[in-house]
Amino acid sequence: MNKAWMIGALAMLGGPVLATAQAAETERTEASQEAQAYIISPQNGETVGKTFKVKFGLSGMGVAPAGVDVKHTGHHHLLIDKDELPAMDKPMGGDVIHFGGGQTETTVTLEPGEHTLQLILGDKNHVPHNPAVVSEKITVIVKDD
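Residues numbered from 1 in each chain as written. Predicted model: local features only at pLDDT ≥ 70, side-chain atom pairs only at ≥ 80, totals over all residues. Heavy atoms only, no water.

You'll find the protein entered in an unreviewed UniProt entry as DUF4399 domain-containing protein, with Idiomarina abyssalis given as the organism.

Caption draft 1: Region of the structure containing the sheet that holds strand E7 (residues 105–109). Judged by pairing direction, the sheet is antiparallel, and its three strands sit side by side in the order E1-E3-E7 without closing on themselves. Because the sheet does not close on itself, it has two edges, and the strands there are strand E1 (36–41) and E7. On average, adjacent strands in this sheet sit at an angle of 35 degrees to one another, irrespective of strand direction. (Pairing = 2+ DSSP bridges. Helix = DSSP H or I, 4+ residues; strand = E, 2+ residues; numbered from the N terminus. Axes fitted to C-alpha atoms, helices over the stretch in contact; angles between N-to-C directions.)

Caption draft 2: Region of interest: unusual backbone geometry. That bond from Ser41 to Pro42 is cis: its omega, 5 degrees, falls within 30 degrees of zero. Checked against the element boundaries, Pro42 lands in the loop between E1 and strand E2 (47–48). Non-glycine residue His72 carries a positive phi angle of around 60 degrees. Among the secondary structure elements, His72 is positioned in the loop between strand E4 (62–63) and strand E5 (73–80). Positive phi, close to 70 degrees, is recorded for His126, a residue that is not glycine. Residue His126 is classed as partly exposed on the basis of its relative accessible area, which comes to 21%. (Buried < 20%, exposed > 50% of the residue type's maximum accessible area, 1.4 Å probe, protein only.)

Written out as structure tokens, the structure is:
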């Protein structure tokens, strides 16, 4: 069922019902204490072409598509050139790249210059876990091909 349609239908039932649905939706899912997200490749400081592959790593938790409610699982989100992490109490939006299908790699095309890459795991609803499972931020240098 379409999420926007569902929220619209709840709104017709009254404000308190909608507020309760939104509160439940943004409740943070517990992360495994051993969880670590990391970027397998490229390496920090590596020089890459304009189009390159980014491979995601995760230990201490499992990868599952968005919408799948299994304890200690989530899916990756990629932040490119972001100074700050997304809000921890709501679903991540269009300012991050979502991999809701459970993907563990992607191909990225960037303009020449220095760029940063970072991963953050999201739960079934794209909300960061508690505590957040975030990779170290790495820097890549994109060369003119």
